[in-house]
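Report on the structure
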Amino acid sequence: MGGLLLGLSRACVAEFTFYLAIPVMAGASLLKVLKFALSGVAITGTEIAVLAVGCVVAFVVSLAAIRFPDGLRQAPQLHLLRHLPHRPRPRGAGRGCGDGDDVTAYDPLKASRPGEGLFLRPPSRRAIIFSESISAAKVRRAPENVKREWEEKPMEASTVYYTDFRCPVGTSLTEKLRRLCIAAGIKNIDMEGKFVAIKMHFGELGNLAYLRPNYAKVVADLCKEQGGMPFLTDCNTLYPGSRKNALEHLTCAQLNGFWPMTTGCQVLIADGLRGTDEVEVPVPNGEYCKTAKIGRAIMDADIFISLSHFKGHESTGFGGAIKNIGMGCGSRAGKMEQHASGHPAVQEDLCRGCHRCAKECGSDAIRYNEKNKAVIDQDKCKGCGRCIGACNFDAIYALCDSANEMLDRKMAEYAAAVCDGRPTFHISLVQDISPNCDCHGENDAPILPDIGMFASFDPVALDQACADACLNAAPLPNSQLGQNLATPGWNCHHDNFKDSNPNIEWKATLEQAEKVGMGTRAYTLKKV
């Protein structure tokens, strides 16, 4: 009863009671036998047999009583499925898209009524998902009206570990990140004498939303503790900017604080001086790309770790682990291949001649005609799509209707090629959630509040968990997302990513990553 009052599960309490009872019952039985012997009464063979059978039966029955709840919990019919009906955004998720009520701080593990702990799910997904705390596991069952389709496609959920940004006095964020990585199993990887590539984004000059070097040092130090030889790495960009070649890229990283003294390891640009030092890697189960062009230093590493800043993105909806790996590890030619379907065009009647798209273009591909209307030079265009996100008047569109979806799927396949065949570990920090990529020379106000840090061996489950957390967070009013939702007549998508950047498509990334076997979107969330 005391254990139940403290919040422990019934199975946990029963198991503790059982193991406590074993020595007590054994001692009592021996005492009884000793009294018989001292009293001079002979113990017959029948009495010994009855005592032995009684002990065995009691043990088996007790063990079955403990294991029976676990069997129920693991039964397929009790698994929570992703195939849920579309639900509107939680209350208070923004004006014009809900009832406008205030929402308290987001907690992915909190549930105030049946089903409340479930994350927002698109209608076309199937998987197992439930939340549990490391200290006291608890299954959250779906509402009775949720359709269960376990017979069609049972799946095994990956584990994603999570911690929030709350820091009691004496506890730092870097210490919380260290605990998270250890809880998630980073020390289970054999790193002795091996090269460890830590893939992250060093931030474009002028952008201040990128992850601080302090976080990188936590990961690098953990690798060195295990005998590994870590290095931070990224590949050069497709567009002209402050990271278009290795020299400028290293200078940018240093100006943003990434030095061996601050990170605990060296910084290497994986695809070399001009972005041409690449390895062509087979894509496992590739549908859109049979091979991937990856920066050589990344593929030379024995172990791969991604350290990602999870935020919005103007083309892919969000940038998380898969984008950090797939697009980030691609050489310049690899990035070109992923963007190949995305060349945009201009609808002249909608163009206002504001020239904002030209300022965003990194390829100098946009000029203006005699009517002050934008014209895109398709020979110069790299297909990055930044101009689409820059236009406030929907004047620029992709010539290929499925351009963003194609980008998502190619990116997922590139990520699968990077991770295939070696140990990997993945960390995402959901903070400073800007609407656009850290490749921009600026960072707009965050669209959502800081949520927490996540880690997993499965990058697909990790991205799904981070996306779910963002979908259930309340939009910030003074942001691109808040401004869009407050616009009269706004066509609300009930999707924080799509309401921030309406031209995006993000679900295809996770679908394709799961399809090629990179991981699963089904996950169990454990709070550290």
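Structure report, in brief. (Residues numbered from 1 in each chain as written. Predicted model: local features only at pLDDT ≥ 70, side-chain atom pairs only at ≥ 80, totals over all residues. Heavy atoms only, no water.)

Some remarks on the overall build of the chain
Each helix and strand in the chain was counted, giving 17 helices and 17 strands. Across the 528 residues of the chain, 50% fall into the buried class. Within the chain, contacts between residues separated by at least 24 positions form 76% of all contacts whose residues are at least 6 apart in sequence. Surface summary for the chain: the accessible area is close to 24,500 Å², and the carbon and sulfur share equals 57%. (Helix = DSSP H or I, 4+ residues; strand = E, 2+ residues; numbered from the N terminus. Buried < 20%, exposed > 50% of the residue type's maximum accessible area, 1.4 Å probe, protein only. Contact = heavy atoms within 4.5 Å. Areas by Shrake-Rupley, 256 points an atom, 1.4 Å probe, with all protein chains shown as cover.)

Here we look at the environment of Ser 363
Along the chain, Ser 363 falls in the loop between α11 (356-360) and β12 (366-368). Sequence-distant contacts of Ser 363, defined by excluding residues within four places in its chain, comprise Pro 240, Lys 380 and Lys 382.

What to know about the pattern of salt bridges
A full pass over the atoms with the stated rule returns 19 salt bridges. Residues Asp 164 and Lys 527 are paired through a salt bridge, measuring 3.6 Å at the closest nitrogen-oxygen approach. Placement of Asp 164 in the loop between β2 (158-163) and α4 (173-184) and of Lys 527 in strand β17 (residues 523-527) is noted, with a sequence separation of 363 residues between them. Residue Asp 164 is classed as buried on the basis of its relative accessible area of 18%. A residue is classified by how much of its surface remains accessible, and Lys 527, at 25% relative accessible area, is partly exposed. Between Lys 515 and Glu 287 there is a salt bridge whose closest N-O contact spans 2.9 Å. Note that Lys 515 is positioned in helix α17 (residues 507-515) and Glu 287 in the loop between β6 (278-282) and β7 (291-295), a separation of 228 residues in sequence. Linked through salt bridges whose partners overlap, the residues forming this network are Lys 199, Glu 204, Asp 234 and Arg 243. (Salt bridge = Lys/Arg side-chain N within 4 Å of Asp/Glu carboxyl O.)

Focus: the packing of helix α14 (residues 459-471) against α17
Contact geometry of α14 with α17 gives a least axis separation of 10 Å together with a crossing angle of 155°. As far as their axial angle goes, α17 and α14 are roughly antiparallel. Of the two possible hands of crossing, α14 and α17 adopt the one that is left-handed. Contact residues: Val 460, Asp 463 and Gln 464 in α14; Leu 510, Ala 513 and Glu 514 in α17. In terms of residue class, the contact of α14 with α17 is made up of three nonpolar, one polar and two charged. (Axes fitted to C-alpha atoms, helices over the stretch in contact; angles between N-to-C directions. Parallel < 35°, antiparallel > 145°, perpendicular 65-115°, else oblique. Left-handed = near helix turned anticlockwise from the far one by under 90°. Nonpolar A, V, L, I, M, F, W, Y, C, P; charged D, E, K, R; others polar.)

Topic: helix α10 (residues 332-339)
For α10, the complete set of buried residues consists of Gly 334, Lys 335, Gln 338 and His 339. Angularly, the buried residues of α10 cover 130° about the axis, an arc narrow enough to put them on a single face. Here the buried face of α10 lies against β7, α9 (321-326) and α13 (403-419). (Arc of directions from axis to C-beta.)

A word on unusual backbone geometry
The backbone phi angle of Asn 285 is positive, close to 60°, even though this residue is not glycine. By the secondary structure assignment, Asn 285 is in the loop between β6 and β7.

Some thoughts on the environment of Arg 352
Here Arg 352 lies in the loop between β11 (344-346) and α11. Arg 352 sits in the exposed class, given a relative accessible area of 60%. The spatial distance from the C-alpha of Arg 352 to the C-alpha of Ala 374 is 8.7 Å, given a sequence separation of 22 residues.

Some remarks on the nonpolar core
Grouped together as the largest cluster of nonpolar side chains are 56 residues, with contacts concentrated most on Ile 451, Phe 454, Phe 497 and Met 518. For this core, the element with the most residues is α14, which contributes nine residues. By size, the runner-up hydrophobic cluster in this structure holds 37 residues, among which are Cys 181, Ile 186, Phe 202 and Ala 246. (Core = buried A, V, L, I, M, F, W, Y, C linked by side-chain atoms within 4.5 Å.)

What to know about the pairing of strand β15 (residues 424-430)
Judged by how many residues are buried, β15 sits mostly within the fold: seven of seven residues are covered. What you see with β15 is no split at all: Thr 424, His 426, Ser 428 and Val 430 on one side and Phe 425, Ile 427 and Leu 429 on the other are buried throughout. Note that strand β8 (residues 303-309) and β15 share six bridges and pair parallel. Counterpart to Ser 306 in the pairing with β15 is His 426. Of the pairings in the sheet, the one linking β15 to strand β16 (residues 452-456) comprises five bridges and is antiparallel in character. Along β16, the bridge assignment pairs Leu 429 with Met 453. (Pairing = 2+ DSSP bridges.)

Quick word on the packing of aromatic side chains
On inspection of all chains with the given rule, the structure shows nine aromatic pairs. Aromatic side chains Phe 425 and Phe 457 sit 5.2 Å apart centroid to centroid with 75° between the ring planes, which places their arrangement in the edge-to-face category. In this pair, Phe 425 sits in strand β15 while Phe 457 sits in the loop between β16 and α14, placing the two residues 32 residues apart along the sequence. On the basis of relative accessible area, Phe 457 is assigned to the partly exposed category, the value being 38%. (Phe/Tyr/Trp six-rings, centres within 6.5 Å; stacked < 30°, edge-to-face > 60°.)

Comments concerning the packing of α4 against helix α5 (residues 213-225)
Running from amino to carboxyl end, α4 crosses α5 at an angle of 45°, the nearest separation of the two axes being 9 Å. With respect to α5, the element α4 is oriented oblique. With respect to the hand of their crossing, α4 and α5 are arranged in right-handed fashion. On the side of α4, the interface is formed by Leu 173, Thr 174, Leu 177, Arg 178, Cys 181 and Ile 182, while α5 contributes Asn 214, Tyr 215, Val 218, Leu 222 and Glu 225. Among the residues forming the contact of α4 with α5, the class breakdown is seven nonpolar, two polar and two charged.

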